[in-house]
Structures are given as C-alpha cells and as structure tokens.
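# Overview (structure and organization)
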Amino acid sequence: MNQRKSALLGVWIMSVLLVLYFVYAVQRAIALFQSGTLLAITMGVAMLVLPLIGAWALLRELRFGREATRLVDELDRSGRVPVEEVETLPSGQPVREQAKGLLESYEAEVTANEQSWEAWARLGIMQDAAGDRTSARASLRRAISLRK
C-alpha cells in the first residue's frame with residue numbers, strides 16, 4: 001500500500017472512531033440532562049461542548065489535509081516538488097544538520113518572493129522532510145492562504 005493510501009486509511013479510521021465517541025458523548029449528555037440536577041446538567045453541557053470542539057478540530061484538519069494535498073499534487077504535476085533526499089538515522093529521524101543545510105535555499109526562495117504559494121509549499125515539504133512538522137504545517141497553511 002502506498003504512503004498516501006495508508007495515510008487516508010488512518011484518517012478514515014480516526015475519523016470514524018471520533019464520530020463514535022461524539023455519538024457516545026451526546027447520549028451521555030442527554031442522560032445527564034434528564035436527571036434534572038444542576039451538577040448533572042452542567043456536566044451534560046460540558047459533554048456537548050467538548051465534542052463540538054473536537055468536530056471543529058477534525059473538520060479543520062481534514063480541510064488542511066485536502067488543501068495541502070491539492071497544492072503538493074499541483075507542484076508535482078508541474079515538476080516543482082523538491083527531490084532532495086534527507087539522510088536518516090537508524091531511528092528514522094532525519095539528520096538535522098543535513099536537513100538544515102537543505103532548507104536554506106528554500107527559505108531564501110520564500111524571502112525572495114513572499115507572495116509565492118509555490119515557494120511556501122516547497123519550504124513546507126522540505127521542513128516536513130527535515131522533521132520540523134510545526135514549521136512545515138505553518139508554511140503549508142501560508143501556501144494555502146496565498147493560493148486562494
């Protein structure tokens with residue numbers, strides 16, 4: 001199974017499990033409401049608010065994944081996806097020094113053209129390959145916002 005299909009399977013499994021949790025939480029909240037006590041009703045409200053926050057987060061992450069994939073596919077069709085290989089340690093973690101050296105040219109590309117979604121997306125791809133997921137997500141979010 002290729003990496004994209006494996007990731008999609010993981011997304012679907014986690015989404016289904018989260019939806020099942022939401023159903024369970026709503027059922028418990030309704031039972032708490034029916035008890036009629038102030039404490040139980042307060043707990044019921046909390047049990048409804050938390051799944052709503054979870055649903056919002058799930059939808060936000062699914063939208064991010066869809067948009068990021070769309071950008072990377074577009075870069076791939078135009079032959080602009082970074083192809084540099086990052087060496088990894090036996091643990092699977094990238095060799096940080098080498099990865100940082102590769103990032104410099106992509107950071108310079110972004111600095112030269114801060115309104116280019118392609119530059120931001122390429123930087124995000126390389127940051128992810130370098131093991132810096134937080135920065136990669138921020139760069140890809142910037143690319144998505146510029147592409148719209």
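Please read these numbers as outputs of a predicted model, since none were measured by experiment.

### Some details on a nonpolar patch on the surface
- Taken together, the side chains of Tyr 21, Tyr 24, Val 26, Ile 30, Phe 33, Ile 41, Val 45, Val 49, Leu 50, Ile 53 and Trp 56 present a nonpolar region at the surface, about 1,000 Å² in accessible area.
- It is helix H2 (residues 38-77) that contributes the most residues to the nonpolar patch, six residues altogether.
- Assignment of secondary structure puts Val 49 in helix H2.

### Some words on the nonpolar core
- Of all hydrophobic cores here, the largest spans 21 residues; its most connected members are Trp 117, Ala 121, Leu 123, Met 126 and Ala 143.
- Of all the secondary structure elements, the ones that give two or more residues to this core are H2, helix H3 (96-112), helix H4 (117-129) and helix H5 (133-147).
- Ignoring sequence-local partners within four residues, the contact set of Leu 123 consists of Leu 103, Tyr 106, Glu 107, Val 110 and Ser 139.

### Brief notes about the packing of aromatic side chains
- In this structure the tally under the stated criterion is one aromatic pair.
- Across from the ring centre of Phe 64, 4.3 Å away, lies the NZ or CZ of Arg 141, which sits over that ring.

### Focus: H4
- Between its first and last C-alpha, H4 extends 18 Å over 13 residues, near the 18 Å set by a 1.5 Å rise per residue.
- Taking burial as the measure, the 13 residues of H4 include 10 buried ones, the bulk of the element.
- Listed as buried for H4 are Trp 117, Ala 119, Trp 120, Ala 121, Arg 122, Leu 123, Gly 124, Ile 125, Met 126 and Gln 127.
- Close packing links the buried residues of H4 with H2, H3 and H5.
- Looking one or two places after H4, you find Gly 131, whose phi comes out positive at around 90 degrees.

### Considerations on the pattern of salt bridges
- With the rule as written, the count across this model stands at nine salt bridges.
- Measuring nitrogen to oxygen at the nearest pair gives 2.2 Å for the salt bridge that ties Arg 137 to Glu 61. Within this pair, whereas Arg 137 is found in helix H5, its partner Glu 61 is found in helix H2, the two being separated by 76 residues in sequence.
- Overall, Arg 137 belongs to the partly exposed group, its relative accessible area being 30%.
- In this structure, Glu 109 and Arg 122 form a salt bridge, with 3.3 Å as the shortest nitrogen-oxygen distance. Here Arg 122 lies in helix H4 and Glu 109 lies in helix H3, a separation of 13 residues in the sequence.
- The class for Glu 109 is partly exposed, based on a relative accessible area of 24%.
- Here Arg 122 falls in the buried class, since its relative accessible area comes to 13%.

### Focus: the side chain of Ser 116
- Structurally, Ser 116 is set in the loop between H3 and H4.
- What makes Ser 116 buried here is its relative accessible area of 15%.
- Of note is the side chain of Ser 116, whose polar atom sits 3.1 Å from the backbone nitrogen of Ala 119.

Rules and cut-offs
Here, residues in each chain are numbered from 1, in the same order as that chain's written sequence. Residue-level local features of this predicted model are given only where pLDDT is at least 70; pairs of side-chain atoms are given and counted only at 80 or more, and the full residue set underlies all totals for whole chains, interfaces and linings. The side-chain quantities take in all heavy atoms of the structure and omit both hydrogens and water. Patch building starts from residues that exceed 30% relative accessible area and form no salt bridge, then joins like charges within 9 Å and nonpolar side chains (Val, Leu, Ile, Met, Phe, Trp, Tyr) within 5 Å. Values of accessible area rely on a 1.4 Å probe in the Shrake-Rupley scheme; residue burial ignores everything except the protein chains shown. Each reported salt bridge corresponds to a side-chain nitrogen of Lys or Arg within 4 Å of a carboxyl oxygen of Asp or Glu. Only runs of H or I of at least four residues qualify as helices and only runs of E of at least two qualify as strands under DSSP, and these elements are numbered from the N terminus. To form a nonpolar core, buried Ala, Val, Leu, Ile, Met, Phe, Trp, Tyr and Cys residues must be joined to one another through side-chain atoms within 4.5 Å. To sort residues, take the accessible area from a 1.4 Å probe on protein chains only and compare it with the maximum for the residue type: under 20% means buried, over 50% means exposed, and anything in between is partly exposed. Contacts between residues were defined by any pair of non-hydrogen atoms, one from each residue, lying within 4.5 Å. Any pair of Phe, Tyr and Trp rings, taking the six-membered ring for Trp, is counted once the centres come within 6.5 Å. Such a pair is stacked with planes under 30 degrees apart, edge-to-face with planes over 60 apart, and tilted for the rest. A ring has a charge above it when a Lys NZ or an Arg CZ is no more than 6 Å from the ring centre and no more than 35 degrees off the ring normal. A helix is expected to span 1.5 Å for every residue after the first. Any pair of N or O atoms that falls within 3.5 Å is considered a polar contact. Within protein, one atom must be able to donate a hydrogen and the other to accept it, and sequence-neighbouring residues count only if both atoms are side-chain atoms.

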